[in-house]
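Coordinates in review
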Amino acid sequence: MTSREENRVNQALQISGVPSPEPDLQELMVLVARGDQDAFAKVYDAVSGPVLGLVRSVLRDPAQSEEVAQEVLVEVWRTAPRFQSSRGSAMNWVLTLAHHRAVDRVRSAEASAAREHKAALLDRTPAFDEVSEQVETRLEREQVRRCLRTLSELQRQSVTLAYYRGLTYREVAELLTVPLGTIKTRLRDGLIRLRDCLGVSA
């Protein structure tokens, strides 16, 4: 056998020895769309590994990743009729579902954490009367109330949270959902007005 013939044989072996990355996955999805459970079992075996890998790369947490991966595979079974081979491969369609579901879980977790943080700050925030009582040893209560009422709502809230409750500027900004720079400006203006109203010398 000449070297040229050997090269042809080797090329043929290499070509025939490369497995298709998605054997019949397109056709299987058509069957799944018709409710074929055997076809879905084959699709499950083909895509479950890549789905879990993609989801885990987004979520990091193993337990949550497994949960979301199962949700994705259920969604594949439920929404299989929406798959259109003309728009791309079955694997890409499934992985797109997985990515969307993983990102949704991240956003949901972030929103939940933000709500809990805000609730914790609110729990630490005293009522208006409590603030007045805390400063009563230094200033007359009625005078403090009257002067606080001369401030804008945002100024009063900022001063109350930052100076009477001890929250940081950043915590005040997060709690009131206002930019940090705006909070600093309102605090400065509010304190100046409060000082003038109370007759405190600079």
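As a reminder, the structure under discussion sits directly above these lines.
Residues numbered from 1 in each chain as written. Predicted model: local features only at pLDDT ≥ 70, side-chain atom pairs only at ≥ 80, totals over all residues. Heavy atoms only, no water.

Quick look at the packing of helix H2 (residues 25-33) against helix H3 (residues 37-59)
The contact between H2 and H3 brings their axes to 8 Å, and the two run at 135°. Here H2 lies oblique to H3, going by the angle between them. The two elements H2 and H3 meet at a crossing, and its hand is left-handed. Each of Leu25, Leu28, Met29, Leu31 and Val32 in H2 lies in contact with H3, whose residues at this interface are Ala39, Phe40, Lys42, Val43, Ala46 and Val47. Looking at the contact of H2 with H3 residue by residue, the class counts come to 10 nonpolar, no polar and 1 charged. (Axes fitted to C-alpha atoms, helices over the stretch in contact; angles between N-to-C directions. Helix = DSSP H or I, 4+ residues; strand = E, 2+ residues; numbered from the N terminus. Parallel < 35°, antiparallel > 145°, perpendicular 65-115°, else oblique. Left-handed = near helix turned anticlockwise from the far one by under 90°. Contact = heavy atoms within 4.5 Å. Nonpolar A, V, L, I, M, F, W, Y, C, P; charged D, E, K, R; others polar.)

A word on the nonpolar core
In this structure, Met29, Val43, Val47, Val51 and Val76 are the most contacted members of the largest nonpolar core, which totals 25 residues. The contacts of Val47, once residues within four sequence positions are left out, are Leu25, Leu73, Met91 and Val94. If you look at the next biggest cluster of nonpolar residues, it comprises 18 residues, including Leu148, Val159, Ala162 and Leu167. (Core = buried A, V, L, I, M, F, W, Y, C linked by side-chain atoms within 4.5 Å. Buried < 20%, exposed > 50% of the residue type's maximum accessible area, 1.4 Å probe, protein only.)

Some thoughts on the environment of Thr160
Summarising the element assignment, Thr160 is placed in helix H8 (residues 153-164). A polar side-chain atom of Thr160 sits 2.7 Å from the main-chain carbonyl oxygen of Arg156. (Polar contact = N/O pair within 3.5 Å; in protein donor to acceptor, adjacent residues only side chain to side chain.)

Overview of the packing of aromatic side chains
Counted according to the given criterion, the structure contains 3 aromatic pairs. Aromatic pair Phe40 and Tyr44: ring centres 6.2 Å apart, planes at 70°, arrangement edge-to-face. With Phe40 and Tyr44 both in helix H3, this residue pair falls 4 residues apart, about one helical turn. Classification of Phe40 as buried rests on a relative accessible area of 17%. (Phe/Tyr/Trp six-rings, centres within 6.5 Å; stacked < 30°, edge-to-face > 60°.)

Observations regarding helix H9 (residues 169-176)
For H9, every residue scored as buried is listed here: Glu171, Val172, Ala173 and Leu175. One or two residues past the end of H9 sits Thr177, with phi positive at roughly 55°.

Description of the pattern of salt bridges
Per the counting criterion, the structure on display carries 7 salt bridges. Residues Glu71 and Arg101 are paired through a salt bridge, measuring 3.3 Å at the closest nitrogen-oxygen approach. Highlighted residues: Glu71 in helix H4 (residues 62-79) and Arg101 in helix H5 (residues 90-124), separated in sequence by 30 residues. Its relative accessible area of 25% is what places Glu71 among the partly exposed residues. Between Glu75 and Arg101 there is a salt bridge whose closest N-O contact spans 2.8 Å. (Salt bridge = Lys/Arg side-chain N within 4 Å of Asp/Glu carboxyl O.)

Quick word on unusual backbone geometry
Phi is positive for Arg60, which is not a glycine, with a value near 70°. Mapped onto the fold, Arg60 is located in the loop between H3 and H4. Positioned with a positive phi, Thr177 is a non-glycine residue whose angle comes to about 55°. Take Thr177: it is sitting in the loop between H9 and helix H10 (180-198). With relative accessibility at 61%, the residue Thr177 sits in the exposed group.

A closer look at the environment of Trp77
Structurally, the position occupied by Trp77 is in helix H4. In the structure, Trp77 is positioned 40 residues away from Gln37 in sequence and 8.9 Å away in space, judged by C-alpha atoms.

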